[in-house]
Amino acid sequence: TNLSARLDHAVASCDSRAMSSTLSDYIKREPDKKPMEWASTFGISRPYLYDLVGGTRYPSIAVANRIAAATGGEVPVTVWPNIAAILDAARESAA
């Protein structure tokens, strides 16, 4: 179905969990960049950035997409457990 094809495309384009980075790992590669700069890059507040890096909050799909785009896909949408679970559930129901 069309939904199944779209899910397959989304997963194929960003489901590289084994090769992907967490946001924390990605940020650690540029230690000179300030938290406010990272927050601005991702279009989020600094406190929200701290929550995402610390794992106390998960992003919305829109924020996860912005992070994926800003990191060139190195922090894919599916690295976030909440979004990976949604994709997994959607694939199961589409099958």
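Everything below is about the structure shown above.
All of these numbers come straight from a predicted model, not from anything done at the bench.

Considerations on the packing of helix H3 (residues 35-42) against helix H4 (residues 46-54)
Part 1 of the reasoning: It is the contact of H3 with H4, at a shortest axis distance of 9 Å, that shows an interaxial angle of 90°. With respect to their mutual orientation, H3 and H4 come out roughly perpendicular. For the pair H3 and H4, contact is made by Pro-35, Met-36, Trp-38, Ala-39 and Phe-42 and by Arg-46, Leu-49 and Tyr-50, respectively.
Part 2 of the reasoning: Of the residues in the contact of H3 with H4, the class split is 7 nonpolar, no polar and 1 charged.

Side note on the pattern of salt bridges
Part 1 of the reasoning: All told, the structure shown has 3 salt bridges when counted by the stated rule.
Part 2 of the reasoning: Arg-29 is the partner of Glu-74 in a salt bridge, and the nearest nitrogen-oxygen pair spans 2.5 Å. Note that Glu-74 is positioned in the loop between helix H5 (61-70) and helix H6 (81-94) and Arg-29 in the loop between helix H2 (23-28) and H3, a separation of 45 residues in sequence.
Part 3 of the reasoning: Among the residues examined, Arg-29 registers a relative accessible area of 46% and is labelled partly exposed.
Part 4 of the reasoning: One salt bridge connects Asp-51 with Arg-57, and the closest N-O pair in it is separated by 3.7 Å.

Regarding the nonpolar core
Part 1 of the reasoning: If you look at the biggest cluster of nonpolar residues, it comprises 19 residues, and the most contacted ones within it are Leu-23, Phe-42, Ile-44, Leu-49, Leu-52, Ile-67 and Trp-80.
Part 2 of the reasoning: Secondary structure elements with two or more residues in this core: H2, H3, H4, H5 and H6.
Part 3 of the reasoning: Ranked by residues supplied to this core, first place goes to H5 with 4 residues.
Part 4 of the reasoning: If we skip the residues at most four places from it in the chain, Ile-67 touches Leu-23, Phe-42, Leu-52, Val-75 and Trp-80.

Thresholds, definitions, all that
- Residues numbered from 1 in each chain as written.
- Predicted model: local features only at pLDDT ≥ 70, side-chain atom pairs only at ≥ 80, totals over all residues.
- Heavy atoms only, no water.
- Axes fitted to C-alpha atoms, helices over the stretch in contact; angles between N-to-C directions.
- Helix = DSSP H or I, 4+ residues; strand = E, 2+ residues; numbered from the N terminus.
- Parallel < 35°, antiparallel > 145°, perpendicular 65-115°, else oblique.
- Contact = heavy atoms within 4.5 Å.
- Nonpolar A, V, L, I, M, F, W, Y, C, P; charged D, E, K, R; others polar.
- Salt bridge = Lys/Arg side-chain N within 4 Å of Asp/Glu carboxyl O.
- Buried < 20%, exposed > 50% of the residue type's maximum accessible area, 1.4 Å probe, protein only.
- Core = buried A, V, L, I, M, F, W, Y, C linked by side-chain atoms within 4.5 Å.

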